Amino acid sequence: MAGRGKLIAVIGDEDTVTGFLLGGIGELNKNRHPNFLVVEKDTTINEIEDTFRQFLNRDDIGIILINQYIAEMVRHALDAHQRSIPAVLEIPSKEHPYDAAKDSILRRARGVFTAEDLR
Amino acid sequence: MCVEPMAVRDLRAELDSLLLQLLRDLEELEAKRVALNARVEGWLSLSKARYAMGAKSVGPLQYASHMEPQVGVCTSEAQDGLQKFWMVRAGTQTPEEVGPCKAVLCRHKGLTRTPEPDPSAPPQDPLNWFGILVPHSLRQARASFWEGLQLAADMASLQIRIDWGRSQLQGLQEKLKQWSLALPDLPPQKQGSEHSCSLTWLHYLRPSSFTDCPPPQLFLPP
């Protein structure tokens, strides 16, 4: 069954956002909000969290890409997101490699296995 | 609550099957992650382009004031009911997909009818934001990030499967624990028992508890 086309949003540092916009995911016109946020040194955590929540509430966004070091700043918002769409994908950045121990999805999956269960 | 041994056996088999599928999905996700993490050449190519064109020549200052997405992601429901993502380029969608995609865009723009597609206005290539003649490194960067988008769509689909598998496993684990509470006389599983299996979580039923029950066996998916 064919589905509707959705956008890919990105929240990341300058290089990450520029790279993915080069890939062609960007959308921006006078009437709509952009589907990307460049996080700079003076970008506040509230701003990141507000943008993330806006992306979650939009029904035309299918995937949200977010640098993992930025995801750490708004980890509570990521952990609270339980819906399958939009899918939130933590990606590495140029200066911060990916750490599987911090990924929300993998931490939830790890919670399935406890020491008592495997005895 | 009356619990039949066959029902418990079937539940354990289902648990094992779900767990194996979850582990397979996790392994596949890990492989995709490694591939994505290896795509550092995209950032390196951007840095090379910045070095060739100037420090401020490749960045948000060059973003267009009007952008139209060239790629997107479509969702579909697989046979197991889970959502799956795949990448689509603008202008390469099938006629059946163009209708629903346009309807979504039009609803958000406040239009009441689906507009006719304009074949004479292709979406602007983002490379043109940075000039007419751009260095080869910028094109390489674009190709690298495009491949990263493909991986991202696959990883998003896998994450949905893993989340679903996790919730199913927890539900079945809870059900099995409730059934074990209904049978309080069970002995604890012995360490190193030939019937122990890392794929099961609860104690095996003692054969003497049910006269018609065969000896415990390892349940492995076919």
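Everything quoted here is computed from the prediction, not taken from an experiment. (Residues numbered from 1 in each chain as written. Chains lettered and ligands numbered in written order. Predicted model: local features only at pLDDT ≥ 70, side-chain atom pairs only at ≥ 80, totals over all residues. Heavy atoms only, no water.)

**Description of the overall build of chain A**
Argument step 1. If you tally the helices and strands in chain A, you get five helices and four strands.
Argument step 2. Secondary structure elements of chain A, listed N to C terminal, follow the sequence β-α-β-α-β-α-α-β-α.
Argument step 3. Expressed as lengths along the three principal axes of its C-alpha atoms, the size of chain A is roughly 60 × 40 × 25 Å.
Argument step 4. Counting across all 119 residues of chain A, residues that qualify as buried make up 61%.
Argument step 5. Pairs at least 24 residues apart make up 65% of the contacts formed inside chain A by residues separated by at least 6 positions. (Helix = DSSP H or I, 4+ residues; strand = E, 2+ residues; numbered from the N terminus. Buried < 20%, exposed > 50% of the residue type's maximum accessible area, 1.4 Å probe, protein only. Contact = heavy atoms within 4.5 Å.)

**Examining the overall build of chain B**
Argument step 1. Within chain B, the regular secondary structure consists of four helices and two strands.
Argument step 2. Taken from the N to the C terminus, the helices and strands of chain B come in the order α-α-β-β-α-α.
Argument step 3. The burial tally for chain B puts 38% of its 222 residues in the buried class.
Argument step 4. Look at the contacts in chain B between residues 6 or more apart in sequence, and 63% of them connect residues 24 or more apart.
Argument step 5. Summed over all atoms, the accessible surface of chain B reaches about 12900 Å², with 55% contributed by carbon and sulfur. (Areas by Shrake-Rupley, 256 points an atom, 1.4 Å probe, with all protein chains shown as cover.)

**Focus: the UniProt feature "coiled-coil region" (unreviewed entry) in chain B**
Argument step 1. Summarizing the sequence annotation, UniProt attributes the feature "coiled-coil region" (unreviewed entry) to residues 12-46 of chain B in the numbering used throughout.
Argument step 2. Overall, residues 12-46 of chain B shows 91% helix and 0% strand. The separation of its end C-alpha atoms is 52 Å. (UniProt positions renumbered as here; feature names shortened; annotations may be inferred.)

**Focus on the packing of helix H1 (residues 5-37) of chain B against helix H4 (residues 136-181) of chain B**
The description of two helices packed together rests on the angle between their axes and the distance between the axes.
All names here are of chain B.
Argument step 1. Remark: H1 packs on H4, axes separated minimally by 9 Å, with the N-to-C direction vectors making an angle of 155°. One way to sum up the angle between H1 and H4 is to call them roughly antiparallel. The two elements H1 and H4 meet at a crossing, and its hand is left-handed.
Argument step 2. A class-by-class count of the residues in the contact of H1 with H4 yields 20 nonpolar, five polar and ten charged. (Axes fitted to C-alpha atoms, helices over the stretch in contact; angles between N-to-C directions. Parallel < 35°, antiparallel > 145°, perpendicular 65-115°, else oblique. Left-handed = near helix turned anticlockwise from the far one by under 90°. Nonpolar A, V, L, I, M, F, W, Y, C, P; charged D, E, K, R; others polar.)

**Topic: the nonpolar core**
Argument step 1. By size, the foremost hydrophobic cluster in this structure holds 61 residues, and its most contacted members are Leu65(A), Phe85(B), Leu138(B) and Leu149(B).
Argument step 2. Those residues in contact with Phe85(B), other than ones at most four positions away along the chain, are Gly62(A), Ile63(A), Ile85(A), Ala87(A), Val73(B), Cys74(B), Thr75(B), Ala153(B), Ala156(B), Ser157(B) and Ile160(B).
Argument step 3. Membership of the second largest hydrophobic core comes to 18 residues, among which are Ala9(A), Ile64(A), Ile66(A) and Val74(A). (Core = buried A, V, L, I, M, F, W, Y, C linked by side-chain atoms within 4.5 Å.)

**Concerning the environment of Ile45(A)**
Residue and element names in this part refer to chain A.
Argument step 1. Take Ile45: it is sitting in helix H2 (residues 45-57).
Argument step 2. For Ile45, a relative accessible area of 42% corresponds to the partly exposed category.
Argument step 3. When the C-alpha positions of Ile45 and Val74 are compared, they lie 7.3 Å apart, and in sequence the two are 29 residues distant.
Argument step 4. Leave out the neighbours within four places in its chain, and Ile45 touches Met73 and Val74.

**A word on the side chain of Ser104(A)**
Residue and element names in this part refer to chain A.
Argument step 1. By the secondary structure assignment, Ser104 is in helix H5 (residues 104-110).
Argument step 2. Within the local environment of Ser104, its side chain forms a polar contact with the side chain of Arg75, the two groups lying 2.7 Å apart.
Argument step 3. In this structure, Ser104 is in contact with Arg75, Leu78, Asp79 and Glu90, ignoring residues within four places of it in sequence. (Polar contact = N/O pair within 3.5 Å; in protein donor to acceptor, adjacent residues only side chain to side chain.)

**Considerations on the interface of chain B and chain A**
Argument step 1. In this assembly, 69 residues from chain B lie in contact with 53 residues from chain A.
Argument step 2. Carbon and sulfur atoms make up 66% of the area that chain B and chain A hide from each other, which totals about 5300 Å².
Argument step 3. Summed over the shared surface of chain B and chain A, the number is four salt bridges.
Argument step 4. At the boundary of chain B with chain A, the tally comes to eleven residue pairs in polar contact (both at pLDDT 80 or more).
Argument step 5. Of all elements in the fold, only H1, helix H2 (41-53), strand S1 (71-77), strand S2 (83-89), helix H3 (95-109) and H4 of chain B reach the threshold of two or more residues within the side of chain B that touches chain A. (Buried area = accessible area lost by both parts, 1.4 Å probe. Salt bridge = Lys/Arg side-chain N within 4 Å of Asp/Glu carboxyl O.)

**Comments concerning the pairing of strand S1 (residues 5-12) of chain A**
For a regular strand, side chains alternate in direction, first toward one face of the sheet and then toward the other.
Argument step 1. Burial within S1(A) is extensive, with seven of its eight residues counted as buried.
Argument step 2. As paired strands, S1(A) and S1(B) are joined by two bridges and run antiparallel to one another. Note on S1(B): the bridge partner recorded for Gly5(A) is Cys74(B).
Argument step 3. Bridge count between S1(A) and strand S3 (residues 61-67) of chain A: five bridges; the pairing is parallel. Counted as the bridge partner of Ala9(A) is Ile64(A) from S3(A).
Argument step 4. When S1(A) meets strand S2 (residues 36-38) of chain A, the two strands line up parallel, connected through three bridges. Pairing of Gly12(A) across the sheet is with Val38(A), part of S2(A).
Argument step 5. Read as a crossover between parallel neighbours, the route from S1(A) over helix H1 (residues 14-22) of chain A to S2(A) is right-handed. (Pairing = 2+ DSSP bridges. Right-handed = clockwise from strand over helix to strand, strands pointing away.)

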